[in-house]
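In case you want the letters, here they are:
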Amino acid sequence: MTEVMRGIRVLEVAEHTFVPAASAILSDWGADVIKIEPVERGDAMRGIMSTGGLDLGGGGWHPLLEHSNRGKRSIGIDLGRPDGVELVHRLAASCDVFLTNKLPAVRTKLKIDVDDIRAVNPGIVYVRGSAYGSRGPDADRGGYDVLGYWCRGGVAYGAKPVEVDSFTAQPAPAYGDSIGAMTIAGGIAAGLLHRERTGEATVIDVSLLATGMWSMGAAIALSHQLNHPWGQMPAGIDIGNPLMFGYQTSDGKTLFLACLQGFHYWSEVCRVTGLDELIGDERFADADSFRANSLASREILKKVFAGATLAEWKDRLADFKGQWSAVQDPLEVMTDPQVIANGYIVDVDSGSGATHPLVATPVQFDGAPSPSTRAPAFNEHSDAILIDDLGMDWDDIIELKVKGVIA
């Protein structure tokens, strides 16, 4: 794998997932990421040991923390003390990127805002991740992805089934955070390229709201064009194409056809499903009659697909030139042969000899997945960072520990 970020140093003052996951991506790409954590407790994510009612505490492996902190170095520093701020400034002086999700008032109070960091390193790329953006009435409001990305960005509205009254939750923990993190990582790469070409260091802003809106960008544009908010269609609605539908198999699985040019693939669908007699059926003889009788063909296909298991249908559809996919749960995704062939899951050594799977960062360079290493224990690299990166001696380090400036 080509480490495209080798030689890039990133200093992170951030917690939870949205912003930390961005520097985790950079770490997988070869960057050296130093994570500054609150001296008394570490990243707040370390204390989240359950999600959706599931206990995460067993085995010493924290999947949510690992997802967003893989490959970093950790040091606990009290930013409420001048000595702690000085350490952060000294580290920033040798870094290429400063990354934070602290709110504007907090950045000012801690002396880690743009002007503070640029005073020690004018060439640093300064990156702010926020819930709602850096301007406007809510610039100083915090928020999670379920609020900024999912609810306020229009995604929850677009995902809501027509048949239910309530809005659905995000489909996964850190769902909007992870999409937003990839956006931040891309912005940082562009900022570093701009600096390389022009010598100018940029300030980069990415918000959960903006990321959610980008995810809904086509729907927002269509909503404006139609003067009607985009949302889900009623289940089972006739769209004139039975080859744009999910069909249940005999083992309770779902196989989804997505042949946008339905009539073009109709005869081949008849062939692979054993419905050759329908190829010449006048109800489906041309594109117009195919659309007009789509409900009838859908009912026929429902019965046919319900007659075999998903595995059997995968075999029968292996040479089908139309577009389709099984609907998979997360465990099924992990064993998908295409996932395995492309290295989309990487095994990470937990440090105790056991390995655990993590989803690889979705960008590959030169045809190879980016390897990952485990997230650091809290303050794991404190001494090494202070000695190797800042050139401090043991007497100074001990004094800072006694004063509570570092963990």
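Up top is the structure.
Residues numbered from 1 in each chain as written. Predicted model: local features only at pLDDT ≥ 70, side-chain atom pairs only at ≥ 80, totals over all residues. Heavy atoms only, no water.

K.L.:
Run through the overall build of the protein chain, naming residues and quoting values.
P.N.:
When helices and strands are counted, the protein chain shows 18 helices and 13 strands. Considering only C-alpha atoms, the protein chain reaches an extent of 90 × 50 × 45 Å along its principal axes. Here the protein chain holds 407 residues, and 43% of them are scored as buried. Across the protein chain, every contact between residues at least 6 apart in sequence was considered, and the portion connecting residues at least 24 apart equals 69%. Surface exposure of the protein chain reaches about 20200 Å², of which carbon and sulfur atoms provide 56%. Measuring between centres, the 35 positive side-chain charges of the protein chain sit 4 Å from its 53 negative side-chain charges. (Helix = DSSP H or I, 4+ residues; strand = E, 2+ residues; numbered from the N terminus. Buried < 20%, exposed > 50% of the residue type's maximum accessible area, 1.4 Å probe, protein only. Contact = heavy atoms within 4.5 Å. Areas by Shrake-Rupley, 256 points an atom, 1.4 Å probe, with all protein chains shown as cover. Lys, Arg positive; Asp, Glu negative; His and termini not counted. Charge placed at Lys NZ, Arg CZ, Asp CG, Glu CD.)

K.L.:
Which residues make up the environment of Ala296, and what are the values?
P.N.:
Counting through the fold element by element, Ala296 comes out in helix α13 (residues 294-305). The spatial distance from the C-alpha of Ala296 to the C-alpha of Asp238 is 10 Å, given a sequence separation of 58 residues.

K.L.:
Could you give an account of the pattern of salt bridges, with specific residues and numbers?
P.N.:
Overall, the coordinates contain 27 salt bridges when judged by the stated rule. Between Asp96 and Arg195 there is a salt bridge, with the nearest N and O atoms lying 2.8 Å from each other. With Asp96 in the loop between α3 (82-92) and β6 (97-100) and Arg195 in helix α8 (residues 175-198), this pair connects stretches of sequence that are 99 residues apart. Assessed through its relative accessible area of 15%, Asp96 is described here as buried. Across the pair Arg283 and Asp281 runs a salt bridge whose closest N-O atoms are separated by 2.9 Å. Assessed through its relative accessible area of 17%, Asp281 is described here as buried. Salt bridges sharing partners connect three or more residues here, namely Arg9, Asp32, Arg73 and Asp389. (Salt bridge = Lys/Arg side-chain N within 4 Å of Asp/Glu carboxyl O.)

K.L.:
Please give an account of the nonpolar core that cites residues and values.
P.N.:
Counting 31 residues, the largest nonpolar core has Leu26, Val97, Val127, Ile184 and Ile188 as the members making the most contacts within it. For this core, the elements supplying multiple residues, two or more each, are α1 (20-28), β6, β7 (125-130), α6 (145-151), α7 (155-159), α8 and β8 (203-207). For this core, the element with the highest residue contribution is α8, accounting for five residues. For Val97, the contacting residues outside a window of four places in its chain are Ile8, Arg9, Val10, Leu11, Ile124, Val125, Val127, Ile188 and Leu192. Among the nonpolar cores identified, the runner-up in size contains 27 residues, and Leu11, Leu110, Tyr126 and Leu390 belong to it. (Core = buried A, V, L, I, M, F, W, Y, C linked by side-chain atoms within 4.5 Å.)

K.L.:
Please provide a residue-by-residue account of the layout of surface pockets, values included.
P.N.:
What the second largest pocket holds in volume is close to 730 Å³. Every element with two or more residues in the lining of the second largest pocket is listed here: β3 (50-51), α2 (63-69), α4 (104-110), β7 and α6. Its residues assigned to classes, the lining of the second largest pocket comprises 16 nonpolar, 13 polar and nine charged. (1 Å grid on protein atoms, 1.4 Å probe; cavity = no way out; pocket = protein on both sides within 12 Å on 5 of 7 lines; lining within 4 Å. Points joined across faces, edges and corners; volume = space filled by probe spheres on them. Nonpolar A, V, L, I, M, F, W, Y, C, P; charged D, E, K, R; others polar.)

K.L.:
Before we move on, could you go through the pairing of strand β5 (residues 73-77) and cite the residues and values that matter?
P.N.:
If a strand is regular, its side chains alternate between the two faces of the sheet. Summarising burial for β5: five of the five residues are buried, a large majority. Burial along β5 is two-sided: the face carrying Arg73, Ile75 and Ile77 and the face carrying Ser74 and Gly76 are both buried. Pairing between strand β2 (residues 32-38) and β5: five bridges, direction parallel. The partner of Glu37 across the bridge, within β5, is Gly76. (Pairing = 2+ DSSP bridges.)

K.L.:
Can you explain the sheet that holds strand β11 (residues 324-326)? Please cite residues and give values.
P.N.:
Taken together, three strands build an open sheet; the order of strands is β9-β10-β11 and the sheet is antiparallel. For this open sheet the edge positions go to β9 (244-248) and β11, each flanked by a neighbour on one side alone. Sheet twist, expressed as the average angle between the axes of neighbouring strands with direction ignored, equals 20°. The pairing of β9 with strand β10 (residues 254-258) spans five bridges and is classified as antiparallel. Of the residues in β10, the one forming a bridge with Gln248 is Thr254. Running at roughly 35° to β9, α13 makes contact with β9 and β10 of the sheet. (Axes fitted to C-alpha atoms, helices over the stretch in contact; angles between N-to-C directions.)

K.L.:
Break down the pairing of strand β1 (residues 9-13) for me, citing the residues and quoting the values.
P.N.:
The element β1 is extensively covered by neighbouring structure, given that five of its five residues are classed as buried. Neither face of β1 is open: one carries Arg9, Leu11 and Val13, the other Val10 and Glu12, and all of them are buried. Examined bridge by bridge, β1 and β2 share four bridges and lie parallel to one another. Paired with Glu12 across the bridge in β2 is Lys35.

K.L.:
Please set out unusual backbone geometry residue by residue, giving values where relevant.
P.N.:
Of note, Lys111 is a non-glycine position whose phi angle comes to about 60°, a positive value. Tracing the backbone through its elements, the reader meets Lys111 in the loop between α4 and α5 (114-120). The exposure class of Lys111 is partly exposed, given its relative accessible area of 48%. Here the phi dihedral of Ala174 falls at roughly 60°; this positive angle occurs in a residue that is not glycine. Counting through the fold element by element, Ala174 comes out in the loop between α7 and α8. Overall, the relative accessible area of 16% leaves Ala174 in the buried class.

K.L.:
Kindly report on the sheet that holds β2, identifying the contributing residues and their values.
P.N.:
On the basis of which strands lie adjacent, the open sheet formed by six strands has the order β5-β2-β1-β6-β7-β8 and parallel pairing. The open sheet terminates on both sides in strands that have one partner only, identified here as β5 and β8. On average, each strand axis in the sheet is tilted by 20° relative to the strand beside it, whichever way the strands run. With respect to the sheet, α1 is in contact with β1, β2 and β6, its orientation differing from that of β1 by roughly 160°. Its contacts with the sheet put helix α9 (residues 208-215) on β7 and β8, and the angle it makes with β8 is roughly 65°.

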